[in-house]
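Single-letter residue listing:
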Amino acid sequence: MSEVQGFILMAKTRPEKAEAFEAFFRAYVEPSRAEPGCIEYHMLRDKQDPTLFIFYEIWASQADLDVHSNLPHMKLFRDQRMDYLERDFDIRAIDMLSPSSASR
């Protein structure tokens, strides 16, 4: 079994907080991609439901994901998430079955 850790996280925001959520979290995408062990990191927004944000993340190891999760800004986000969300995150663990396209 691979040590690679992947997940899809769905964040359902309150309608009046959707734009603020996007602005707040968009600033974390590039720094997260630059972290050691980050293979894929994407923030997506559903076209049919603009209050639904989807995060697709692949990390080289659980240790890399743990470092990312424990950075001060990520802890702050977790502490403040319910200021934006209608309900808590829906997180699905996934296996990456194809190679990363990030280097193309």
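Residues numbered from 1 in each chain as written. Predicted model: local features only at pLDDT ≥ 70, side-chain atom pairs only at ≥ 80, totals over all residues. Heavy atoms only, no water.

A.B. asks: I'm lost on the overall build of the protein chain in this one. Help?
C.D. replies: When helices and strands are counted, the protein chain shows 4 helices and 4 strands. At 14 Å, the protein chain has a C-alpha radius of gyration in line with the 13 Å of a compact globule built from 104 residues. Overall size of the protein chain, expressed as C-alpha extent along the three principal axes, is 40 × 30 × 25 Å. When each of the 104 residues of the protein chain is scored for burial, the buried share is 32%. For the protein chain, long-range pairs separated by at least 24 residues make up 67% of all intrachain contacts whose partners lie at least 6 apart in sequence. Summed over all atoms, the accessible surface of the protein chain reaches about 6600 Å², with 54% contributed by carbon and sulfur. (Helix = DSSP H or I, 4+ residues; strand = E, 2+ residues; numbered from the N terminus. Rg over C-alpha atoms; globule rule 2.2 N^0.38 Å. Buried < 20%, exposed > 50% of the residue type's maximum accessible area, 1.4 Å probe, protein only. Contact = heavy atoms within 4.5 Å. Areas by Shrake-Rupley, 256 points an atom, 1.4 Å probe, with all protein chains shown as cover.)

A.B. asks: Is there a simple way to think about the UniProt feature "domain: ABM" (unreviewed entry) in the protein chain in this case?
C.D. replies: UniProt records the feature "domain: ABM" (unreviewed entry) for residues 5–94 in the present numbering. The span residues 5–94 is 34% helical and 32% strand by assignment, and the distance between its end C-alpha atoms comes to 8 Å. (UniProt positions renumbered as here; feature names shortened; annotations may be inferred.)

A.B. asks: Quick question: what am I supposed to make of the pattern of salt bridges here?
C.D. replies: When their charged atoms lie close together, side chains carrying opposite charge are able to pair. Taken as a whole and judged by the stated rule, the model has 9 salt bridges. In this structure, glutamate 22 and arginine 45 form a salt bridge, with 2.5 Å as the shortest nitrogen-oxygen distance. Note that glutamate 22 is positioned in helix H1 (residues 18–26) and arginine 45 in strand S2 (residues 38–45), a separation of 23 residues in sequence. Judged by relative accessible area, glutamate 22 falls into the buried class, the value being 16%. A salt bridge links glutamate 30 to arginine 33; the nearest nitrogen and oxygen atoms lie 3.0 Å apart. A residue pair is termed a helical-turn pair when its members lie 3 or 4 positions apart in one helix, as glutamate 30 and arginine 33 do in helix H2 (residues 29–33) at 3 residues. (Salt bridge = Lys/Arg side-chain N within 4 Å of Asp/Glu carboxyl O.)

A.B. asks: Explanation requested: the side chain of serine 61 in the structure shown.
C.D. replies: Within the secondary structure layout, serine 61 lies in the loop between strand S3 (52–59) and helix H3 (62–69). Polar side-chain contacts of serine 61 include one of 3.0 Å to the side chain of aspartate 64. Each residue touching serine 61, except ones within four places of it in the same chain, is listed here: Glu3 and Gln5. (Polar contact = N/O pair within 3.5 Å; in protein donor to acceptor, adjacent residues only side chain to side chain.)

A.B. asks: Looking at this structure, I do not really get the environment of histidine 42. What am I missing?
C.D. replies: If you trace the backbone, histidine 42 turns up in strand S2. Residue classification places histidine 42 among the partly exposed residues on the basis of a relative accessible area of 27%. With 10 residues separating them in the primary sequence, histidine 42 and serine 32 have C-alpha atoms 9.6 Å apart. Excluding residues that lie within four positions of it along the chain, histidine 42 makes contacts with Arg33, Ile54, Phe55 and Tyr56.

A.B. asks: Any chance you could explain H1 here in plain terms?
C.D. replies: Because an α-helix packs 3.6 residues into every turn, residues spaced three or four apart end up facing the same way. Within the sequence span of H1, burial applies to Ala18, Phe21, Glu22 and Phe25. Here the buried residues of H1 occupy an arc of 100° about the axis, which is enough to place them on one side. Of the exposed residues in H1, those oriented more than 90 degrees away from the buried face are Glu19 and Ala23. Where H1 is buried, its residues touch strand S1 (5–12), H2, S2, S3 and helix H4 (72–80). (Arc of directions from axis to C-beta.)

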